[in-house]
Amino acid sequence: PYEEGRTWLEQALAQDGQRADLLRRDALYGLGLLAVNQDDAARAESCFSESLAMAQAHGEPAGIAFGWIGLSLVAMQRGQFAQATSHLESALADAQRLADRALGAFCAGLAQTYLGAMAFAQDALPAAAAHFAAALREQRAVDDHWGMGSSLVRWGYVARDQGDRAQAVSLFAEGLALFTEIGDRRIIALALDGIAGLAV
């Protein structure tokens, strides 16, 4: 599915430049996400950079914030955590300037979740927990079930590694309930793995 999606978007972007800038920006961002999922960091970086530049040229805070998040994914994929952190902090700043507070909260929650994931990857457990807690506040405000579930399950692993078994069980259970409702098998498996680890 990723390959088919990329083919369609590449063909659309290769056509004449008469398309509306907003559509081109969104197409570039979507192509960047597909490229990230295919581990094509170079193409993803090119797409996100152009999408961000277009958003900056038109003064679009939402496009700018999501552009920084896209570039942070590339940096994370390359193991460049300092650069990814800088991009995500820029995304948070732009999210706070959004007139659409629901969109701003969604964007801020996503950025905080990625910051938490990076902190966890570097064994900075207190920082990871703080980021996931911040993410949840934003995600609960807009009833972002997928975001909430992701933050809860990831925070569950932090609590487990901090030795707080009771909190870990609570976080895994709440996250699992949300993802069972959504039907995301990948995160359901992640939550079940965390619970199984606690049982062992």
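For the structure itself, look to the data block above.
Now for a look at the structure at hand. (Residues numbered from 1 in each chain as written. Predicted model: local features only at pLDDT ≥ 70, side-chain atom pairs only at ≥ 80, totals over all residues. Heavy atoms only, no water.)

**A look at the packing of aromatic side chains**
1) Next: Under the counting rule described, the total for this entry stands at five aromatic pairs.
2) Next: When the centroid spacing of 6.3 Å and the interplanar angle of 80° are considered together, the rings of Tyr29 and Phe66 count as edge-to-face. Here Tyr29 is found in helix H2 (residues 21-37), whereas its partner Phe66 is found in helix H4 (residues 61-77), with 37 residues between them in sequence.
3) Next: Overall, the relative accessible area of 15% leaves Tyr29 in the buried class.
4) Next: With relative accessibility at 17%, the residue Phe66 sits in the buried group. (Phe/Tyr/Trp six-rings, centres within 6.5 Å; stacked < 30°, edge-to-face > 60°. Helix = DSSP H or I, 4+ residues; strand = E, 2+ residues; numbered from the N terminus. Buried < 20%, exposed > 50% of the residue type's maximum accessible area, 1.4 Å probe, protein only.)

**Comments concerning the nonpolar core**
Grouped burial of nonpolar side chains is what soluble globular proteins tend to show.
1) Next: With 28 residues, the main nonpolar core has Phe48 and Ile69 as its most contacted residues.
2) Next: Elements with a contribution of two residues or more to this core: H2, helix H3 (41-57), H4, helix H5 (81-95) and helix H6 (101-121).
3) Next: Apart from the residues lying within four places of it in its own chain, the contact partners of Phe48 are Tyr29, Gly32, Leu33, Val36, Gly67, Gly70, Leu71 and Val74.
4) Next: Ranked by size, the runner-up nonpolar core spans 19 residues in total, among them Ala119, Leu152, Ala159 and Leu171. (Core = buried A, V, L, I, M, F, W, Y, C linked by side-chain atoms within 4.5 Å. Contact = heavy atoms within 4.5 Å.)

**Comments concerning unusual backbone geometry**
1) Next: Positive phi is not limited to glycine here, since Asp39 has a value of about 60°.
2) Next: With a relative accessible area of 63%, Asp39 lands in the exposed category.
3) Next: Positive phi is not limited to glycine here, since Asp123 has a value of about 60°.
4) Next: Locating Asp123 in the fold gives a position in the loop between H6 and helix H7 (125-141).

**Points about H3**
1) Next: In this model, H3 (17 residues) spans 24 Å end to end at C-alpha, consistent with the 24 Å of a helix rising 1.5 Å per residue.
2) Next: Those residues of H3 lying buried are Ala41, Ala44, Cys47, Phe48, Ser51, Leu52, Met54 and Ala55. Down the axis, H3 shows its buried residues gathered within 165° of arc, on one side only. Every exposed residue of H3 that faces more than 90 degrees away from the buried side is listed here: Ala42 and Ala57.
3) Next: Lining the buried residues of H3 we find H2 and H4.
4) Next: Looking at the residues trailing H3, positive phi occurs at Gly59, about 60°. (Expected span 1.5 Å × (residues − 1). Arc of directions from axis to C-beta.)

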